[in-house]
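Residue-level structural notes
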Amino acid sequence: MIEFETALLALAAAFVVFAGVALIRVFVGPTAHDRVIAVNVAGTNTVIAISFVAAALDQPVFLDVALVYALLNFLLSIAFSKFNVEQGGVL
């Protein structure tokens, strides 16, 4: 039987792969809207992966890092949306 920590680390690795797939859309995306959503998806997957690593390694300080990263990811999307609307685009 697989240990719980190993399963959490495998899930974290899977979410890192998912974030990498989302980053492909950042570079290939046809519109700015696709790129913003892809960056948000990659950021959310990264936060989930950090949380799984924190649980697997029993390091609660990693959860603080994940929380700060999630807040920065949210602020980035709000800032980009505001910038895009001011330039005449509509999100």
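Described below are features of the structure shown in this document. (Residues numbered from 1 in each chain as written. Predicted model: local features only at pLDDT ≥ 70, side-chain atom pairs only at ≥ 80, totals over all residues. Heavy atoms only, no water.)

Observations concerning the packing of helix α1 (residues 4-28) against helix α2 (residues 32-57)
To describe two helices that pack against each other, one gives the angle between their axes and the distance between the axes. It is at 8 Å that the axes of α1 and α2 come closest, and there the two elements cross at 165 degrees. Taken together, α1 and α2 sit at an angle that is classed as roughly antiparallel. In this structure, α1 crosses over α2, and the sense of that crossing is left-handed. Here the residues of the contact of α1 with α2 sort into 23 nonpolar, two polar and four charged. (Axes fitted to C-alpha atoms, helices over the stretch in contact; angles between N-to-C directions. Helix = DSSP H or I, 4+ residues; strand = E, 2+ residues; numbered from the N terminus. Parallel < 35°, antiparallel > 145°, perpendicular 65-115°, else oblique. Left-handed = near helix turned anticlockwise from the far one by under 90°. Nonpolar A, V, L, I, M, F, W, Y, C, P; charged D, E, K, R; others polar.)

Comments concerning helix α3 (residues 61-86)
In an α-helix, one turn spans 3.6 residues; hence positions three or four apart end up facing the same way. When the terminal C-alpha atoms of α3 are compared, their 38 Å separation across 26 residues agrees well with the 38 Å that a helix rising 1.5 Å per residue should span. Listing the buried residues of α3 in full gives Ala 66, Asn 73, Ser 77 and Asn 84. Against the buried residues of α3 lie α2. (Expected span 1.5 Å × (residues − 1). Buried < 20%, exposed > 50% of the residue type's maximum accessible area, 1.4 Å probe, protein only. Contact = heavy atoms within 4.5 Å.)

Observations regarding the environment of Ala 56
The residue Ala 56 is located in helix α2 in this model. Among the residues examined, Ala 56 registers a relative accessible area of 9% and is labelled buried. Residues Ala 56 and Lys 82, 26 residues apart in the sequence, show an inter-C-alpha distance of 38 Å. Among all residues touching Ala 56, those that are not within four sequence positions of it are Glu 5, Leu 8 and Leu 9.

Some remarks on the environment of Val 36
By the element assignment, Val 36 lies in helix α2. Judged by relative accessible area, Val 36 falls into the buried class, the value being 14%. Taking the C-alpha atoms as reference points, Val 36 and Glu 5, separated by 31 residues in sequence, lie 33 Å from one another.

Some words on the packing of aromatic side chains
Within the structure shown, the criterion is met by two aromatic pairs. Centroid distance Phe 15 to Phe 18: 5.5 Å. Interplanar angle 85 degrees. Geometry classified as edge-to-face. Of this pair, Phe 15 and Phe 18 both sit in helix α1, three residues apart, which is roughly one turn of that helix. Here Phe 15 and Phe 52 contribute two aromatic rings whose centre-to-centre distance is 5.8 Å and whose plane-to-plane angle is 50 degrees, an arrangement assigned as tilted. With Phe 15 in helix α1 and Phe 52 in helix α2, this residue pair connects regions lying 37 residues apart in the sequence. (Phe/Tyr/Trp six-rings, centres within 6.5 Å; stacked < 30°, edge-to-face > 60°.)

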